[in-house]
Amino acid sequence: MSQRTGTVPPGWSPFVTPTFHRRRRQAGPVEVIVFGSRNLRACYGCHHGLSQADVALSFGRGLARRFGDRVRFQYVDVNDEAYRQYPEVDAFLRQGRGRLPVVMIDGEIRFSSVFTPTFIQREIASRLSR
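Residues numbered from 1 in each chain as written. Predicted model: local features only at pLDDT ≥ 70, side-chain atom pairs only at ≥ 80, totals over all residues. Heavy atoms only, no water.

## Quick look at the sheet that holds strand 2 (residues 71–77)
Then, number 1: The strand order across the open sheet built from four strands is 2-1-3-4, with neighbouring strands paired in mixed fashion. Of all the strands in the sheet, just strand 2 and strand 4 (108–112) have a single pairing partner and so form its edges. Across this sheet, the average inter-strand angle for adjacent strands is 20°, counted without regard to direction.
Then, number 2: Here four bridges tie strand 1 (residues 30–36) to strand 3 (residues 102–105), and the two strands are oriented antiparallel to one another. Across the sheet, the residue bridging to Ile 33 is Met 104, located in strand 3.
Then, number 3: Its contacts with the sheet place helix 2 (residues 52–67) against strand 1 and strand 2, and it is angled at close to 175° to strand 2.
Then, number 4: Packing of helix 4 (residues 117–128) onto the sheet brings it into contact with strand 1, strand 2, strand 3 and strand 4, and relative to strand 4 it is tilted by some 155°. (Pairing = 2+ DSSP bridges. Helix = DSSP H or I, 4+ residues; strand = E, 2+ residues; numbered from the N terminus. Axes fitted to C-alpha atoms, helices over the stretch in contact; angles between N-to-C directions. Contact = heavy atoms within 4.5 Å.)

Below, the structure is given as structure tokens:
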């Protein structure tokens, strides 16, 4: 029972092949869009009372300090008219594939449900190094 070199055993393909394909990054700033709601608290376990909008905008200022003009940040509230420009995010949320906040980087939904600045900054740094 010998296996050919270079083949993947049955059932192992999800662990070997990527589940999504990354597009080659074009030159220019990394675009980061955070979708959230000013009517929802950022963290239900914390008692600081900040909304998702407050936290996202603060994070955007931090990105500007760290990366400068290499990152373009935008916050989109799901209750505003600008949200209608992103039907893919609306479909993502309506299908139950994620929850707010949603982070889109260079047109790809990369994070959902949990706002983790460290992971987002690592993703940005990775994209800038390509």
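## Notes on the pairing of strand 3
Then, number 1: Burial along strand 3 is two-sided: Val 102 and Met 104 and Val 103 and Ile 105, pointing in opposite directions, are all buried.
Then, number 2: Pairing of strand 3 with strand 4, which is carried by four bridges, proceeds in the antiparallel orientation. Counted as the bridge partner of Val 103 is Phe 111 from strand 4. (Buried < 20%, exposed > 50% of the residue type's maximum accessible area, 1.4 Å probe, protein only.)

## What to know about the pattern of salt bridges
Then, number 1: By the definition in use, this model includes nine salt bridges.
Then, number 2: Ionic pairing is found between Glu 31 and Arg 72, a salt bridge with its closest N-O pair at 3.2 Å. Of this pair, Glu 31 sits in strand 1 while Arg 72 sits in strand 2, and the two are 41 residues apart along the sequence.
Then, number 3: A relative accessible area of 28% places Glu 31 in the partly exposed class.
Then, number 4: Here Arg 38 makes a salt bridge to Asp 77, at a shortest N to O gap of 3.1 Å. Note that Arg 38 is positioned in the loop between strand 1 and helix 2 and Asp 77 in strand 2, a separation of 39 residues in sequence. (Salt bridge = Lys/Arg side-chain N within 4 Å of Asp/Glu carboxyl O.)

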